[in-house]
Amino acid sequence: MKDLEASPRGAADVLDVIVVGGGFGGMCATYTFREMGLNIQCFEAGSDLGGVWFWNRYPGARVDLPSIDYSFSFAPEIEQEWTWSEEFAAQPELLKYIDFVATRLDLRKHFRFNTRITGARWDEASGLWHVSTDKGDTLRTRYCVMATGPLSVQKTPDIAGYGRFKGESYLSGSWPHEPVSYAGKRVGIIGVGSTGIQCVQEVGRQAGELFVFQRTPSFTMPMRNQKLSADYVADVKRNYAGLRAAARASTVGGLRPQSSRAFYSVTPQTRRQLLEDAWKLGGLCILGTFSDLMTNQEANDYVADFLREKISDVVKDPVTAEKLKPRGYPVFARRACLDTGYYETYNLPNVHLMDCLEDPILEITEKGIRLESGEVELDMIIFATGYDGLTGALMAFDVQGRDGLRLKDKWQEGPRSFLGVAVAGFPNFFMTVGPNGPSALANIIRINENDVALIARAIRHMDENGLTAMEPRQEAEDAWMEAIRAAAGRTLLSKAKTWYVGANVQGKSQGLTMFTGGFAKYAEACEDAAKDGFHAFRFEPARALAAE
Ligand code: NAP
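For the protein chain, an unreviewed UniProt entry supplies the name NAD(P)/FAD-dependent oxidoreductase and the organism Falsigemmobacter intermedius. According to its UniProt record, the protein chain has this under Cofactor (unreviewed entry): "FAD". Of the protein chain, the UniProt comment under Sequence similarities (unreviewed entry) reads exactly: "Belongs to the FAD-binding monooxygenase family."

Shown next, in the form of structure tokens:
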């Protein structure tokens, strides 16, 4: 690592980069900037690395992309030395992987754990960011890199009486590190998104009684998880470079099957067969059946009907089966879930579906949950009620750019940035997996690596050319936001009330702000932005560090 005295800004107490967040993005950024010889300081609110996988220890937590794909590609030694045991790794194995990477690459020494950033202010005079923490100190840095993640701020459940319950109460996103026992208990789970579904199938098998409080049913498909054989893993290790290249060239940034076949280009019999085949393969294969699944309402309706039929095939009680069937929004417009025996859980005699559309939750009481029809007494409540997605973490503290412009004010009507990586008016401020990139719509690890590589290139460009500050040109940001708007208008993605569009948080601006054009096009746009000396950015030449 570079000697502090040799910092390009010439002052011993000036850092090159502050990285906020110790999840996959923060780990990738830490390694990359350290290897560049930059003087870095990284912060993490938790007591260790791992981001969502550190916090989300709820029962059944498991990744829903293949582990082979959902892993770093920036360090070949990690790819070769680590071996995944399952196609879709469970949270404990993901944490082991994170520990392995952190130890092997010696990343922890760069982090201050249990520390939150409380503010970041651009100081025009010095051309530096002043970053303050909840421990009371303020640091100066040339660059701020926010690796804060799109799903790191859990929503406080917006249910009357929240906090009154006298029994055991857990938020899925801040789960205790000690084991939790469900045996013989009356457990309530509120929420049936990806988190709730994973909890239900696990807790249903163990609890005395399980009450699932469902407002909007989700579409979920069989994960068909399997152990990975030694031969398969060896083959993957030989071919990692090719697999990564294929992932980067794809829409989803991953190895999931994709199709260029439009719905009406095949006969009705073939359509059905394609869906049956994808269903048998499991995972998100159904998403790859028709190229126009997310743009053609009729194609989408057909697939939704197919999935609804599958529910009736499993759930024995026809009334429960009907209640579990999602209706009124396109399939995949709400994040699709993968399960292992979710619908089968409702055939267990101890599991009860509470339809909160028909019988809404009125309040949390000291003893349980009061519905319109009466009180359900419980020993434990699990809140799987979701996140303030995409912008929650970036809006959680005060970020002030040029001329006192606050990010909260700039984003009042929704997040605006260039590529989800940089923001006009906020020099030397970068984000990984920002709210205007592909974010939740593609493999988050590929996006993190792409974004960190772009930021690293930008910093090198600054240093090689003796520059002080860079920020996207306003017209570049406007053009990118227009590209997002145009692409969003062609898809069915905004036709569901979800965290994708900010609809799950009261008072939040609404609309699809993610780039829906796919990972490969996004990576191309990033590459293009870096061309010709980062033509989409404006720069300030070097200046002496002002005395403060
Ligand atoms: P979510 O998808 O936003 O689901 C929240 C659930 O809570 C919804 O069913 C919602 O119902 C319900 N809810 C919220 N407030 C409620 C209230 N007041 N009364 C009744 N129900 C209420 O959140 P999530 O399940 O935590 O998932 C968030 C994202 O995390 C996912 O989309 C996915 O990207 C990621 N994730 C991934 C994995 C994985 O990789 N395996 C696992 C978990 C999460 P309404 O829809 O009616 O509002």
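Read from one edge to the other, the open sheet built from 5 strands follows the order 7-16-8-9-12, with strand pairing classed as parallel. On the outer flanks of this sheet lie strand 7 (168-171) and strand 12 (351-355), each paired with one strand and no other. Geometrically, the sheet is characterised by an average inter-axis angle of 15° between neighbouring strands, direction not taken into account. Of the strand pairs in this sheet, strand 7 and strand 16 (residues 380-383) are connected by 4 bridges, and their pairing is parallel. Residue pairing for strand 16: Ser169 is matched across the bridge by Ile381.

This part is about the site of the ligand. Around the ligand, the surrounding shell holds 24 residues, and the nearest of these are Arg62, Thr195, Arg215, Thr216 and Trp499. At a separation of 3.1 Å, an oxygen atom of the ligand approaches a polar backbone atom of Ser194. Between the ligand and Arg335, the relevant distance is 3.4 Å, taken from an oxygen atom to a side-chain nitrogen or oxygen of the residue. For the shell around the ligand, the element with the highest residue contribution is helix 5 (residues 194-203), accounting for 3 residues. Split into classes, the residues belonging to the shell around the ligand amount to 9 nonpolar, 8 polar and 7 charged.

With that out of the way, let us pick up the sheet that holds strand 13 (residues 361-364). Pairing in this open sheet of 3 strands is antiparallel, and the strands run 13-14-15 from one edge to the other. The open sheet has two edge strands with one neighbour each: strand 13 and strand 15 (374-377). Each strand axis lies, on average, 25° off the axis of its neighbour in the sheet, ignoring direction.

Turning our attention to the layout of surface pockets. In this structure, the second largest pocket occupies an estimated 390 Å³ of space. What lines the second largest pocket is a set of 28 residues, among which Thr391, Met395, Trp411, Lys508 and Ser509 lie closest to the centre.

Let us now look at the pairing of strand 5 (residues 128-133). Most of strand 5 is tucked away, with 5 of its 6 residues classed as buried. Relative to strand 5, strand 4 (residues 117-123) runs antiparallel, the two sharing 6 bridges. What sits directly across from Trp122, in strand 5, is Trp129. Remark: 4 residues form the turn of the hairpin made by strand 4 and strand 5, two consecutive strands paired antiparallel; Gly127 in that turn has positive phi of roughly 70°. Sheet analysis places strand 5 next to strand 6 (residues 138-146), joined by 4 bridges and oriented antiparallel. Bridge pairing links His130 to Arg140 in strand 6.

A pair can form between side chains of opposite charge whenever their charged atoms are brought close. Evaluated as defined, the whole model comprises 39 salt bridges. For Asp305, the salt bridge is made with Arg308, and the minimal N-O distance between the two is 2.8 Å. Of this pair, Asp305 and Arg308 are both found in helix 9 (residues 297-314), 3 residues apart, which corresponds to roughly one turn of the helix. Judged by relative accessible area, Asp305 falls into the partly exposed class, the value being 42%. The closest approach of N and O atoms between Lys508 and Asp388, which form a salt bridge, is 2.6 Å. You can see Lys508 sitting in the loop between helix 15 (474-489) and helix 16 (519-534) and its partner Asp388 sitting in the loop between strand 16 and helix 12 (392-395), a full 120 residues away along the chain. By relative accessible area, which is 18% here, Lys508 ends up buried. The structure contains a network of salt bridges with shared partners spanning Glu124, Arg402, Glu471, Arg538 and Glu540.

All right, on to the domain arrangement of the protein chain then. Taken domain by domain, the protein chain comprises domain 1 (14-153 + 389-535) and domain 2 (168-229 + 255-383). Taken over C-alpha atoms, the centre of domain 1 sits 29 Å from the centre of domain 2. Opposite the 29 residues of domain 1 that make contact, domain 2 presents 36 residues. Summing the contributions of domain 1 and of domain 2, the shared interface buries around 2,800 Å²; its carbon and sulfur component is 56%. The tally of links from domain 1 across to domain 2 stands at 1 salt bridge. Taken together, the connections running from domain 1 to domain 2 amount to 13 residue pairs in polar contact (both at pLDDT 80 or more).

Averaged over all residues, the pLDDT of the protein chain equals 95, while 97% of them reach at least 70. Contacts of residues 1-8 to residues separated by more than four positions or lying in other chains number 17 contacts, the stretch itself having pLDDT below 50.

On to the nonpolar core, then. Counting residues in hydrophobic clusters, the biggest one holds 72 residues, and the most contacted among them are Phe33 and Leu419. For this core, the element with the most residues is helix 14 (residues 444-464), which contributes 9 residues. What Leu419 contacts, discounting residues up to four positions off in sequence, is Asn436, Gly437, Leu454, Trp480, Tyr522, Ala525, Cys526 and Ala529. With 38 residues, the next largest nonpolar core counts Met223, Val266, Phe290 and Phe306 among its residues.

A few words now on the pairing of strand 12. Two faces, one strand: in a regular strand the side chains alternate between the faces of the sheet. Within strand 12, 4 of the 5 residues are buried, which leaves it mostly tucked inside the rest of the structure. In this structure, strand 9 (residues 209-214) lies alongside strand 12, joined through 5 bridges in parallel fashion. The partner of Leu210 across the bridge, within strand 12, is Val351.

Basis of the calculations
- Residues numbered from 1 in each chain as written.
- Predicted model: local features only at pLDDT ≥ 70, side-chain atom pairs only at ≥ 80, totals over all residues.
- Heavy atoms only, no water.
- UniProt positions renumbered as here; feature names shortened; annotations may be inferred.
- Pairing = 2+ DSSP bridges.
- Helix = DSSP H or I, 4+ residues; strand = E, 2+ residues; numbered from the N terminus.
- Axes fitted to C-alpha atoms, helices over the stretch in contact; angles between N-to-C directions.
- Near = heavy atom within 4 Å.
- Polar contact = N/O pair within 3.5 Å; in protein donor to acceptor, adjacent residues only side chain to side chain.
- Nonpolar A, V, L, I, M, F, W, Y, C, P; charged D, E, K, R; others polar.
- 1 Å grid on protein atoms, 1.4 Å probe; cavity = no way out; pocket = protein on both sides within 12 Å on 5 of 7 lines; lining within 4 Å.
- Points joined across faces, edges and corners; volume = space filled by probe spheres on them.
- Buried < 20%, exposed > 50% of the residue type's maximum accessible area, 1.4 Å probe, protein only.
- Salt bridge = Lys/Arg side-chain N within 4 Å of Asp/Glu carboxyl O.
- Domains from an automatic or database assignment.
- Contact = heavy atoms within 4.5 Å.
- Buried area = accessible area lost by both parts, 1.4 Å probe.
- pLDDT = per-residue confidence, 0-100.
- Core = buried A, V, L, I, M, F, W, Y, C linked by side-chain atoms within 4.5 Å.

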